[in-house]
Amino acid sequence: MNDYEILLMLDPELPDERQNEIVTRVRESIERDGGRWENEEAWGRRRLAYEIDHKPEGVYHLLTFAAAPATLDEVSRVLKITDGVMRHMAVRRVRGAATRPAGPSPEEPVAAAASTSQDSEPESTA
């Protein structure tokens, strides 16, 4: 068995019951195939870099578990065809790695653009 994590991006218009149902189905599938469920973190609603299906936001869930590679393949196949799942990404998890979402970073001041030497050369009057 390998350690995995799946980051789910769900449709923000789904009711909470349906979101919980999707996570529960994944958990049951993993446990039914002999895997070990570890944790589910609800990261909440986040703004997307670009719209997906005309939706500017998604609801994120991080699922961590240990399972056989065949189980992961089956879970990924089911997630691809499940209504309400906008995107998902499954990766092998590194033990001891942080599983927290990146927080907002403080904005850095923007430096003024330096003028180029082409702009500052005087015109010749020959």
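Scroll up to find the structure this text is about.
What counts and how
Residues numbered from 1 in each chain as written. Predicted model: local features only at pLDDT ≥ 70, side-chain atom pairs only at ≥ 80, totals over all residues. Heavy atoms only, no water. Helix = DSSP H or I, 4+ residues; strand = E, 2+ residues; numbered from the N terminus. Expected span 1.5 Å × (residues − 1). Buried < 20%, exposed > 50% of the residue type's maximum accessible area, 1.4 Å probe, protein only. Arc of directions from axis to C-beta. Contact = heavy atoms within 4.5 Å. Phe/Tyr/Trp six-rings, centres within 6.5 Å; stacked < 30°, edge-to-face > 60°. Salt bridge = Lys/Arg side-chain N within 4 Å of Asp/Glu carboxyl O. Axes fitted to C-alpha atoms, helices over the stretch in contact; angles between N-to-C directions. Parallel < 35°, antiparallel > 145°, perpendicular 65-115°, else oblique. Left-handed = near helix turned anticlockwise from the far one by under 90°.

For helix α1 (residues 16–32), which comprises 17 residues, the first-to-last C-alpha distance of 24 Å matches the rise-based estimate of 24 Å (1.5 Å per residue) to within 8%. Within α1 the residues assigned to the buried category are Q19, I22, V23, V26, S29 and I30. Buried residues of α1, viewed axially, fall in a sector of 120°; they line one side. Across from the buried face of α1, at angles greater than 90 degrees, the exposed residues are D16, E17 and R32. If you follow the buried residues of α1, they end up packed against β1 (2–10), β2 (36–52), β3 (55–67), α2 (69–81) and β4 (85–92). G34 lies just past α1 and shows a positive phi near 90°.

A few words now on the packing of aromatic side chains. Within this structure, the stated rule accounts for two aromatic pairs. On the basis of an interplanar angle of 40° and a centroid distance of 6.0 Å, the ring pair of Y4 and F65 is categorised as tilted. You can see Y4 sitting in strand β1 and its partner F65 sitting in strand β3, a full 61 residues away along the chain. Among the residues examined, Y4 registers a relative accessible area of 4% and is labelled buried. The exposure class assigned to F65 is buried, which follows from its relative accessible area of 0%. Residues W37 and F65 carry aromatic rings whose centres are separated by 6.5 Å and whose planes lie at 5° to one another, so their mutual orientation is stacked. Here the residue W37 occupies a position in strand β2, and F65 occupies one in strand β3, the gap between them amounting to 28 residues. Each residue in the set Y4, W37 and F65 is aromatic and connected to the rest through ring pairs, giving one cluster.

Here we come to the pattern of salt bridges. Considering all chains together, one arrives at nine salt bridges under this definition. Here D3 makes a salt bridge to R36, at a shortest N to O gap of 3.7 Å. Here D3 is found in strand β1, whereas its partner R36 is found in strand β2, with 33 residues between them in sequence. Where E21 meets R18, a salt bridge forms, and the shortest distance between an N and an O atom there is 3.0 Å. Of the two residues, E21 and R18 are both situated in helix α1; the distance of three residues between them amounts to about one turn of the helix. Residues joined in a network through salt bridges with shared partners are D3, R36, E38 and R93.

For the rest of this paragraph, the subject is the packing of α1 against α2. Relative to each other, α1 and α2 sit at 155°, their axes nearing to 10 Å. Relative to α2, the element α1 lies roughly antiparallel. The element α1 and its partner α2 pack so that their crossing is right-handed. Contacts between α1 and α2 involve I22, R25, V26, S29 and I30 on the former and, on the latter, T71, V75, V78 and L79.

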